[in-house]
Amino acid sequence: MAKEILVHVAHDERRVAVLVGGKLDDFYIELEGNQSMLGNIYKGRVESILPSINGAFVNIGQEKNGFLYLTDAENPLMEGIERIEQEPTAAQKFLNMFAPKKPQAVAPEAAAPADKGRKQHSKKDAPEVSLKKDQEVLVQVVKDPFGTKGARLTTHLSLAGRFVVYMPMDRHSGISKKIENPQERHRLREIVKGFTFSKQGGFIVRTASQTQGDKEITRDAKFLVAMWEKIRILSKQKESPALIYKEYDLIWKIVRDLLKDEVERLVIDSQEEYLKLRKFAQTLIGKEMVDKIQYHAGPKPLFEEKGIATELDKIYESKVYLKSGAYVVIEPTEGVTVVDVNSGRFKSKGSPEEAAFAVNMEAAPEIARQMRLRDVGGIIVIDFIDMNREDHKRKIVQALRDELAKDHAKTEVNRISQLGLVEMTRARTGKTIESLEFHSCPYCEGRGKVKIN
């Protein structure tokens, strides 16, 4: 189906809508003064170490200190930037054979630094890391501040390009698991082996590299290595806490990660940004993608002309109506998002079991789509209409998983429980779309109810 990317630019916000077959499939928003820190690299200073929670608080120059799991602090010293450039001696290699093995990195995808969120670690997993108070450390943000919590940090630095991800502090390389063809995996692995321009670090080849030539992939890798060299030099010059590298803003990331062969066009309504995008695309991607970038001059607003302005407004509503007359209620709370499926005006001549299955089957992919559009994260509990047949339950969960496969965020889905509930999680990297646009009502304090006098 035809795929389009629409970009609306205003003085205080940027909105990006992805359309598949003319239907809203994904949505991103960035507000002035509330930009994501995801992927930013900071030279921080350790403020405190709390072994009881297996973590350390690091001052990165923001309002709140960032949190660094000790298990994510395997290269904590600034001196490590220099040490890792040197190959270990024969004696060191021998000793390393008996050292605990480091966990293997998972191949990141479209929002590459954003995909590196790590699970919480128990006390028994706490490593012996020689972090000390007031120690300088180079860290990267893997999760934006949320509520009262500061940014989540890691020392496993990575720089995402269009075709590869460069990890300057790691020694291994890999291929995205989504590339399944053995011949293609072998071809890409041979290309990476030819990266003689890199003296350190490792690469992960992204899914977008499939069918790309040696020249394009190598150019992307060289760009990232040069970027790291600038970061390394700047990290020596600046005093902590300091921002060393700022990740691209929303529009640039969309071009880098989403402007692919299957996209027919990218339409933007700012002439200034349009000219910048074309220049950026020609430098980073190549001439073949430049012609897909088009300027929308009006007079009708871009989102209205494409007929998605109304649909965008609906992602802030609690009720989502389905074509059959049934509807889904989405209620976010501080800890859990609750989703309830209701039959509404749905009518069926079949049995109650068949009716419930039909409604649930229609609701499952829409729920996954809404999670993606609203950027809901954390624990999600879905209350489907009760069904008795096990094959129906399996089909509902599979339909949910099939739609979630399109998601850029990591998700996990459990089977339908005896109570008819599906528990799932979706990786949270920052604030939800709703929390960026709205704040709690000062009268009802977010309860949605006003007391009658």
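Let me sum up the structure you'll find in this document. (Residues numbered from 1 in each chain as written. Predicted model: local features only at pLDDT ≥ 70, side-chain atom pairs only at ≥ 80, totals over all residues. Heavy atoms only, no water.)

### Let's talk about the nonpolar core
Phase 1: Counting 29 residues, the largest nonpolar core has Val328, Val339, Ile367, Ile382, Phe384, Leu400 and Val422 as its most contacted members.
Phase 2: When residues of this core are traced back to their parent elements, those giving at least two are strand S17 (327-332), strand S18 (336-342), helix H10 (352-374), strand S19 (378-383), helix H11 (390-404) and strand S21 (421-426).
Phase 3: Non-local contacts of valine 339, meaning those with residues more than four positions away in its chain, are made with Val328, Val329, Ile330, Ile367, Met371, Ile380, Val381, Ile382 and Asp383.
Phase 4: Judged by nonpolar contacts, the second largest core, of 27 residues, contains Leu157, Ile191, Leu224 and Ile244. (Core = buried A, V, L, I, M, F, W, Y, C linked by side-chain atoms within 4.5 Å. Buried < 20%, exposed > 50% of the residue type's maximum accessible area, 1.4 Å probe, protein only. Helix = DSSP H or I, 4+ residues; strand = E, 2+ residues; numbered from the N terminus. Contact = heavy atoms within 4.5 Å.)

### Digging into unusual backbone geometry
Phase 1: A cis amide bond links serine 240 to the next residue, proline 241, at an omega of -5 degrees.
Phase 2: Positioned with a positive phi, asparagine 54 is a non-glycine residue whose angle comes to about 60 degrees.
Phase 3: By secondary structure assignment, the location of asparagine 54 is in the loop between strand S4 (41-50) and strand S5 (55-59).
Phase 4: Even without being a glycine, aspartate 134 presents a positive backbone phi close to 75 degrees.
Phase 5: Mapped onto the elements of the fold, aspartate 134 is located in the loop between helix H2 (90-96) and strand S7 (136-143).
Phase 6: According to the relative accessible area criterion, aspartate 134 is partly exposed, its value standing at 43%.

### Overview of the pairing of strand S1 (residues 3-9)
Phase 1: Of all seven residues in S1, five are buried; the element is thus mostly enclosed.
Phase 2: In terms of strand pairing, S1 meets strand S14 (residues 263-268) through five bridges, oriented parallel. Opposite lysine 3, over in S14, you have valine 263 as the bridge partner.
Phase 3: Taken together, the seven bridges between S1 and strand S2 (residues 13-20) define a ladder with antiparallel strand orientation. Bridge pairing in S2 links isoleucine 5 to valine 18.
Phase 4: In this structure, the hairpin formed by S1 and S2 is closed by a connection of three residues. (Pairing = 2+ DSSP bridges.)

### Details of the packing of helix H5 (residues 250-258) against helix H6 (residues 271-284)
Phase 1: Taken N-terminus to C-terminus, the directions of H5 and H6 make an angle of 40 degrees; their axes are 11 Å apart at the nearest point. Between H5 and H6, the crossing angle belongs to the class labelled oblique. In the packing of H5 onto H6, the handedness of the crossing is right-handed. Two secondary-structure elements touch here, H5 through Ile251, Trp252, Val255 and Arg256 and H6 through Glu273, Lys276, Leu277, Phe280, Ala281 and Leu284. (Axes fitted to C-alpha atoms, helices over the stretch in contact; angles between N-to-C directions. Parallel < 35°, antiparallel > 145°, perpendicular 65-115°, else oblique. Left-handed = near helix turned anticlockwise from the far one by under 90°.)

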